[in-house]
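Listed below are the residues making up each chain.
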Amino acid sequence: MQVIKEFKHWYDRCFGIEAVLEKLDEVVYGLIDQYVVDELYGRLASMEIYDISRGDYIRQCVDMSYLDESVERIEYRIMEITQDKNAMKAYREARKAYRGKFIGGGFGISGAIKGSVKAGALNATTGMAHSLVNTLGDAGSSIAAAAKKAGLYNSDTKDSMVMGIRNSIFEIFDNHMSLVNTYYSGYYESGFDVDRASALFENAKKYPDKRKDLLIQAVLTCPTQWILDYIFDNYSEERMHVCNIGNCFSDLESYWTRFEKVFQSEYETAKQQGPQEVEELKETIYYAMQECGVEESEVYDQINYDELVRITEEYLLCTEEAAIKRVLHKFMDYDAPDIQKKQVIKEKGIWEIAGRYGVEYSQEDVDNILSRYYFGEAKQNEEKAQEAKKQIRVVMNALNVTSSQVFDQLEKDCIARLCPNITEASEEVCQKMTERIAAYDALEENKQPFVDEIKKRIDTIWTQEDAAIFDKVYLRTNLHDVDEIRQAIEFVKQKGRTENAQKYINALETCSDKNIKTAQKYPKKMTTIYEILGIGLTFAGVILTLMHPAFCLIFFLGIVLWNAYNRREKYWYLLTINETNLHKDLFLPDKTK
């Protein structure tokens, strides 16, 4: 129906539910007047019915109560959202007062309506129309309420209004038939005859030469599901008409779903034939959508998506700037909705035109895009790496991105080539590596891990060199001579270049006759016995003490033995520097006896 088609187009161009309600009467009544009243009223003259004016015809035949009920439900929901009880009360009273003027007898406007049936005429007569919109404009200050109201501007609301318009048109035609029948009894037959339609359908299948005429009669008699199914399956040229008939009756299955299956099959064939056949099929689907009043098609969307992806594949293979620009223009010029282009730009990382279409990328998306420029030879060759780095910076600037894992990895890989085999390098080589890194153009945070690793390597070298000297100093120091110990400590402090020197200092500072005596006991068998008894008696004491307090003595004995073991172990490892330097004084007889 042209009325439905134009209404949907108008609805989609509105900017919210309030804008729809404000102009709804004017738009819908204008369409009804243009496509329904003009058509039906014009037929009266061909029937030689001359004694009814246009105004009388409107009052007797035009009934928009179905649309009115649909709008009433929507407006009531708006008032519930705004919670304006006074508006709700006024609304109910107004609806009750004027309901009779909208049901059964046309619009209820006294006198002839000249020209189009406009909302202005309705306002002038009833004083109401949709003044609710203005009331709600003042009441809707709440952000939450405004958001909920905005949510009413959706496809469900549109479908509800479409159903109200469609049913109102059917009601108008029913009233038109009744009016004509008052002049010519039986001119229009009321209702459908299922039995007669079934007989016509069965005979249509039996007699091929009369099949088309009989099928037409069957549909006119009663467009049942099985009759329409048969025509849809066997007469491809009639599918759009069948789809339109199905749309007019809510109790019939939507034929667009079946249309989609046909298109899907044809698309699979067209893909094998070539791009020209695909474009022709796309045009066919679009024409069918327009004729059937359908706004969305999965196959149509799939064709658009697949072609955009195919163009993107060309883009990804381009290396020269001119070729890239040419393919990007091809992508932008392709006849597909922007929302689908945005989807492909987002999925495939077409960063050059992302800003034009308002596409934003996550950090993960950005890294995926940049990884296209850093691969293969660029990971092995410094010159290629620098070319990739330059391109990556261009992309990052275009996307307003300041950091990237891919960029960081590129710089780290380049720095790694400046300092190979750090763990085996000499001190001199390490110094040269440090100088090269300092002079290299890279982020400091990417340089730092390598600087730290070189420092660690130098520290290892110094530790080994110092340890060789400190081991000799420690082993020749008399651990019972306070002056020698003091001199050794001063030497280590002065010469030590790493933290490793501290363990020599700790060992020397721990040297005392008492501590040496304790350490000397560690290698003895009794130490192991102390360890075993300490652990065993401690645990046993805990368990037995729960049974009787007297057993706490066992627990304390275990603690004493465990502490004795720990002291021997502590001083042994301190004075042997973790058993790396077994000083002779630890094995001499106790001089304190």
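Residues numbered from 1 in each chain as written. Predicted model: local features only at pLDDT ≥ 70, side-chain atom pairs only at ≥ 80, totals over all residues. Heavy atoms only, no water.

## A word on the overall build of the protein
Scanning the protein from terminus to terminus reveals 28 helices and 0 strands. Burial status across the protein gives 41% buried among its 593 residues. Nonlocal contacts in the protein, meaning residues at least 24 apart in sequence, comprise 64% of its contacts between residues at least 6 apart. Per element, the accessible surface of the protein, about 33900 Å² overall, is 52% carbon and sulfur. (Helix = DSSP H or I, 4+ residues; strand = E, 2+ residues; numbered from the N terminus. Buried < 20%, exposed > 50% of the residue type's maximum accessible area, 1.4 Å probe, protein only. Contact = heavy atoms within 4.5 Å. Areas by Shrake-Rupley, 256 points an atom, 1.4 Å probe, with all protein chains shown as cover.)

## A look at unusual backbone geometry
Located in the positive-phi region is Glu48, a residue other than glycine, with phi close to 60°. By the secondary structure assignment, Glu48 is in the loop between helix 2 (17-46) and helix 3 (54-61). One non-glycine residue, Asn400, lies in the positive phi region at around 55°. Position of Asn400 relative to the elements: it lies in the loop between helix 20 (382-398) and helix 21 (405-418).

## Some remarks on the pattern of salt bridges
Tallying each qualifying case throughout the model produces 22 salt bridges. Measuring nitrogen to oxygen at the nearest pair gives 2.6 Å for the salt bridge that ties Glu295 to Lys158. Remark: Lys158 occurs in helix 9 (residues 155-183) and Glu295 occurs in the loop between helix 15 (275-292) and helix 16 (298-317); sequence separation between them is 137 residues. By relative accessible area, which is 39% here, Glu295 ends up partly exposed. On the basis of relative accessibility, which here comes to 5%, the residue Lys158 falls in the buried class. (Salt bridge = Lys/Arg side-chain N within 4 Å of Asp/Glu carboxyl O.)

## A look at the confidence of the model for the protein
Considering every residue of the protein, the mean pLDDT works out to 84; 86% of them sit at 70 or more. Low pLDDT (under 50) marks residues 98-147, which in the prediction has 75 contacts with non-local residues, meaning those over four places away or in another chain. (pLDDT = per-residue confidence, 0-100.)

## Some words on helix 17 (residues 321-333)
Helical periodicity: at 3.6 residues per turn, an α-helix aligns residues three or four positions apart in one direction. Between its terminal C-alpha atoms helix 17 stretches 18 Å, which fits the 18 Å expected from 13 residues at 1.5 Å a residue. Along helix 17, the residues that are buried comprise Ala323, Ile324, Val327, Leu328, Phe331 and Met332. Among the structural elements, helix 16 and helix 18 (338-348) are those in contact with the buried residues of helix 17. (Expected span 1.5 Å × (residues − 1).)

## As for the nonpolar core
Counting 85 residues, the largest nonpolar core has Trp256, Ile345 and Tyr361 as the members making the most contacts within it. Counting residues per element, this core draws most heavily on helix 16, which supplies 7 residues. With 41 residues, the next largest nonpolar core counts Val3, Leu24, Tyr57 and Leu67 among its residues. (Core = buried A, V, L, I, M, F, W, Y, C linked by side-chain atoms within 4.5 Å.)

## Re the packing of aromatic side chains
A full pass over the atoms with the stated rule returns 19 aromatic pairs. Cluster of aromatic residues (ring-pair linked, three or more members): Tyr522, Trp562, Tyr565, Trp572, Tyr573 and Phe587. The lysine or arginine in question, Arg239, covers the ring of Phe232, its NZ or CZ lying 5.2 Å from the ring centre. Its guanidinium or amino end placed over the ring of Tyr267, Lys271 lies 4.7 Å from that ring's centre, counting from NZ or CZ. (Phe/Tyr/Trp six-rings, centres within 6.5 Å; stacked < 30°, edge-to-face > 60°. Lys NZ or Arg CZ within 6 Å of the ring centre and 35° of its normal.)

## Looking at the environment of Tyr357
Secondary-structure assignment places Tyr357 in the loop between helix 18 and helix 19 (363-370). Among the residues examined, Tyr357 registers a relative accessible area of 11% and is labelled buried. Linking Tyr357 and Met332, residues 25 residues apart in sequence, is a C-alpha distance of 9.8 Å. Every residue in contact with Tyr357, bar those within four places of it in the chain, is listed here: Met332, Asp338, Lys341, Lys342 and Ile345.

## With respect to a nonpolar patch on the surface
Taken together, the side chains of Tyr183, Tyr184 and Tyr187 define a hydrophobic patch exposed on the protein surface, amounting to about 290 Å² of accessible area. Since its relative accessible area comes to 34%, Tyr183 is described here as partly exposed. (Patch = residues over 30% accessible without salt bridge, like charges linked within 9 Å, V, L, I, M, F, W, Y side chains within 5 Å.)

## Describing the packing of helix 1 (residues 2-13) against helix 9
To characterise two packed helices, one gives the angle between the axes of the helices and the distance between these axes. Following both chains from N to C, one finds helix 1 and helix 9 inclined at 155°, their axes separated by 11 Å at the closest point. Between helix 1 and helix 9, the crossing angle belongs to the class labelled roughly antiparallel. Classified by chirality, the crossing of helix 9 by helix 1 is right-handed. In contact with Val3, Ile4, Phe7, Lys8, Tyr11 and Asp12 of helix 1, helix 9 contributes Thr157, Lys158, Met161, Val162, Ile165, Arg166 and Ile169. (Axes fitted to C-alpha atoms, helices over the stretch in contact; angles between N-to-C directions. Parallel < 35°, antiparallel > 145°, perpendicular 65-115°, else oblique. Left-handed = near helix turned anticlockwise from the far one by under 90°.)

## Observations concerning the side chain of Asp63
Its place among the elements puts Asp63 in the loop between helix 3 and helix 4 (65-82). Among the polar contacts listed, one links the side chain of Asp63 to the backbone nitrogen of Ser65, at a separation of 3.0 Å. (Polar contact = N/O pair within 3.5 Å; in protein donor to acceptor, adjacent residues only side chain to side chain.)

## Some details on the environment of His9
Turning to its location among the elements, His9 is positioned in helix 1. Sequence separation between His9 and Glu295 is 286 residues, and the spatial gap between their C-alpha atoms is 9.6 Å.

## Quick word on the environment of Leu44
Considering the arrangement of structural elements, one finds Leu44 in helix 2. Residues Leu44 and Leu179 lie 135 residues apart in sequence; the distance between their C-alpha atoms is 9.9 Å. Excluding anything up to four places from it in sequence, Leu44 contacts Ile49, Ile52, Tyr57, His176 and Val180.

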